[in-house]
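# Remarks on the overall topology
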Amino acid sequence: MIKTAILGYGTVGSGVAQVLSCNRDLIAKRVGDTLEVKYILDLRDFPGDPFEDRIVHDIDTILEDPEISIVCETMGGNEPAYTFSRRALEAGKSVCTSNKELVANHGAELIRTAREHCCNYLFEASVGGGIPIIRPLNCALTAERVLEISGILNGTTNYILTKMEQEQTSFGAALSEAQRLGYAEKNPEADVEGHDACRKIAILTSLMAGRTVDFQEIHTEGISGIEPQDFAYAKKLHMTIKLLAVSREKEEGYQAYVAPCLLDKDQALAGVNDVFNAIFVHGNTLGESMFYGRGAGKLPTASAVVSDMVDCARHPGIHIGCLWEPEKQELTDYRDLEGRFFVRMKKSARLQAEKVFAPEREVWLEELPEEYGFVTSGMSEREFVKRQEQVPGLIKRIRIKD
């Protein structure tokens, strides 16, 4: 019997216990042994819970028990999750986590610690929730040179944008509905301002490059400024709006950004709605692969954590290789990113806008007589800002993902 411990008995931690319990026999067949939860660390007690007899309040109870070989960290946040995870690895116990903040901050360091102590630090659930993406990058696509990863990495924002488009509702109303349904936190800033997706694309870019990307250096825009009028223009263009996280390898280095983007309705990501996520991986010989599913939620995320626990159970005392070193990976300047833009402009500035931007296409809405929209030709962010300064009357610009 393989003894395990869970750190944090919140939504995901309780889900891990549930998955291990309801799929106990199937997991045992696939591992060749039974995975048993011996301890659950939490500050609280849980009277009446099926696992109430496993609750402990001292991390040393777990770290000093030689029977524990796998630790599941579902606490969230940086501390004490970092200290507990590092100490567990130093004790030779493998750690499996869903904690994207911790992985983005300390992933390479904890992988190295695991390697030095012949155990594992696995984090499948930290990026796509229930969508497998980390293991495919490390295993199934290990022969590929990954040139681009792009996708919808946050279910909360995708739900809000879907609601705004389909019901012509405001951002505030869609956010309130997402909070009522439990899709958005009481303080939704991490989701709606793009910080959650930023940490996730930082992790994926680090795996692409094999070196550490600082998520704080990734250009990040959220969706709080998106309006119903933007969707009205998008409809005229046969497009939709999604919050995308994008990372590319170019000759000059790696580019990464998070921003709301206009997508043609014929693109696969345009059809990903509600709380679903999707991730495109473009390899130099494979071409494109798409990973789709529920990017969050108690049981989907817990399932991904348990899959890592199974991997650790199958490889006792063996470090599963992962190319991610602590050395920093520099990113190219976001302002050099090339692309097209959709621009909303005051009607009074049209002549100057035509002169400066030479639009590819103009879009007019009868309900907005004092403004119009247009699509630019390809240019860098730097060039766009330079031209914008020559034209008073710009209302908004949204990048187009071609």
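Before any of the text, the structure's been laid out above.
Let me sum up the structure you'll find in this document.

Reading guide: rules and limits
Residues numbered from 1 in each chain as written. Predicted model: local features only at pLDDT ≥ 70, side-chain atom pairs only at ≥ 80, totals over all residues. Heavy atoms only, no water. Helix = DSSP H or I, 4+ residues; strand = E, 2+ residues; numbered from the N terminus. Rg over C-alpha atoms; globule rule 2.2 N^0.38 Å. Buried < 20%, exposed > 50% of the residue type's maximum accessible area, 1.4 Å probe, protein only. Contact = heavy atoms within 4.5 Å. Areas by Shrake-Rupley, 256 points an atom, 1.4 Å probe, with all protein chains shown as cover. Lys, Arg positive; Asp, Glu negative; His and termini not counted. Charge placed at Lys NZ, Arg CZ, Asp CG, Glu CD. Expected span 1.5 Å × (residues − 1). Salt bridge = Lys/Arg side-chain N within 4 Å of Asp/Glu carboxyl O. Arc of directions from axis to C-beta. Pairing = 2+ DSSP bridges. Axes fitted to C-alpha atoms, helices over the stretch in contact; angles between N-to-C directions. Core = buried A, V, L, I, M, F, W, Y, C linked by side-chain atoms within 4.5 Å. Phe/Tyr/Trp six-rings, centres within 6.5 Å; stacked < 30°, edge-to-face > 60°. Lys NZ or Arg CZ within 6 Å of the ring centre and 35° of its normal.

## Thoughts on the overall build of the protein
Counting its secondary structure elements, the protein contains 15 helices and 19 strands. At 23 Å, the protein has a C-alpha radius of gyration in line with the 21 Å of a compact globule built from 402 residues. For the protein, the C-alpha atoms occupy an extent of roughly 75 × 45 × 35 Å along the three principal directions. When the 402 residues of the protein are sorted by exposure, 56% land in the buried category. Of the contacts formed within the protein by residues at least 6 apart in sequence, a portion of 72% connects residues at least 24 apart. Split by element, the accessible area of the protein, about 17400 Å² in all, is 48% carbon and sulfur. Side-chain charges of the protein comprise 46 positive and 61 negative groups, with the mean position of each set lying 3 Å from the other.

## Describing helix α13 (residues 298-314)
When the terminal C-alpha atoms of α13 are compared, their 24 Å separation across 17 residues agrees well with the 24 Å that a helix rising 1.5 Å per residue should span. Of all the positions in α13, only T301, A302, A304, V305, V306, D308, M309, V310, D311, C312 and A313 are classed as buried.

## So, the pattern of salt bridges
This model, assessed by the stated rule, comprises 40 salt bridges. The partner of R135 in a salt bridge is D308, and the shortest N-O contact between them spans 2.5 Å. In this pair, R135 is assigned in helix α7 (residues 134-140) and D308 in helix α13, connecting sequence segments 173 residues apart. What makes R135 partly exposed here is its relative accessible area of 24%. Judged by relative accessible area, which is 3%, D308 ranks as buried. Put simply, E148 and R248 hold a salt bridge, and the shortest N to O gap is 3.1 Å.

## Examining helix α4 (residues 81-90)
A81, Y82, F84, S85, A88 and L89 are the residues of α4 that are buried. Projection of α4 onto a plane perpendicular to its axis shows the buried side chains occupying an angular sector of 170°, all on one side. Following α4 by one or two positions, G92 has its phi on the positive side, about 80°.

## With respect to the sheet that holds strand β5 (residues 94-97)
Adjacent strands of a sheet form backbone hydrogen bonds with each other and so pair up, either parallel or antiparallel. Taken in spatial order, the six strands make up an open sheet running β3-β2-β1-β4-β5-β6, and their pairing is parallel. With partners counted over all chains shown, the strands left at the sheet margins are β3 (55-56) and β6 (121-122), one partner each. Looking at chain direction, strand β1 (residues 2-7) and strand β4 (residues 68-73) are connected through five bridges and run parallel. Paired with A5 across the strands is V71, a residue of β4. The strands that helix α1 (residues 11-22) touches are β1, β2 (35-41) and β4; relative to β1, the one it contacts most, it runs at about 155°. In this fold α4 packs onto β1, β2, β4, β5 and β6, with an angle of close to 150° to the strand it touches most, β5.

## Digging into unusual backbone geometry
Between E79 and P80 the backbone carries a cis peptide bond, its omega angle lying at 5°. Its location among the elements puts P80 in the loop between β4 and α4. Positioned with a positive phi, Q168 is a non-glycine residue whose angle comes to about 50°. Residue placement: Q168 occurs in the loop between α8 (155-167) and α9 (171-180). Here the phi dihedral of H238 falls at roughly 60°; this positive angle occurs in a residue that is not glycine. Judged by relative accessible area, H238 falls into the partly exposed class, the value being 43%.

## Details of the environment of V343
Take V343: it is sitting in strand β15 (residues 338-346). According to the relative accessible area criterion, V343 is buried, its value standing at 0%. Distance from V343 to E52, taken between C-alpha atoms, is 57 Å for residues 291 residues apart in sequence. Not counting chain neighbours up to four residues away, the residues in contact with V343 comprise Y372, G373, F374, T376, F384, L394, K396 and R397.

## Considerations on the nonpolar core
Counting 85 residues, the largest nonpolar core has I62, Y121 and F123 as its most contacted members. No other element matches the nine residues that helix α11 (residues 195-209) contributes to this core. Dropping the residues within four chain positions of it, I62 is found in contact with A5, L7, Y39, L41, V56, I68, V71 and K93. Counting 30 residues, the second largest nonpolar core, distinct from the first, contains I6, V12, V31 and I320.

## Overview of the packing of aromatic side chains
Inspection of the entire model under this criterion finds 12 aromatic pairs. An angle of 45° between the planes, with centres 5.4 Å apart, marks the rings of F357 and F384 as tilted. Highlighted residues: F357 in helix α14 (residues 350-357) and F384 in helix α15 (residues 381-388), separated in sequence by 27 residues. Each member of the pair, F357 together with F384, is buried. Taken together, the aromatic side chains of F341, F357, W364, Y372, F374 and F384 make up a single cluster linked through ring pairs. The aromatic ring of Y257 is capped on one face by R399, whose charged end is 5.8 Å from the ring centroid.

The analysis is restricted to geometry; functional conclusions fall outside its scope.
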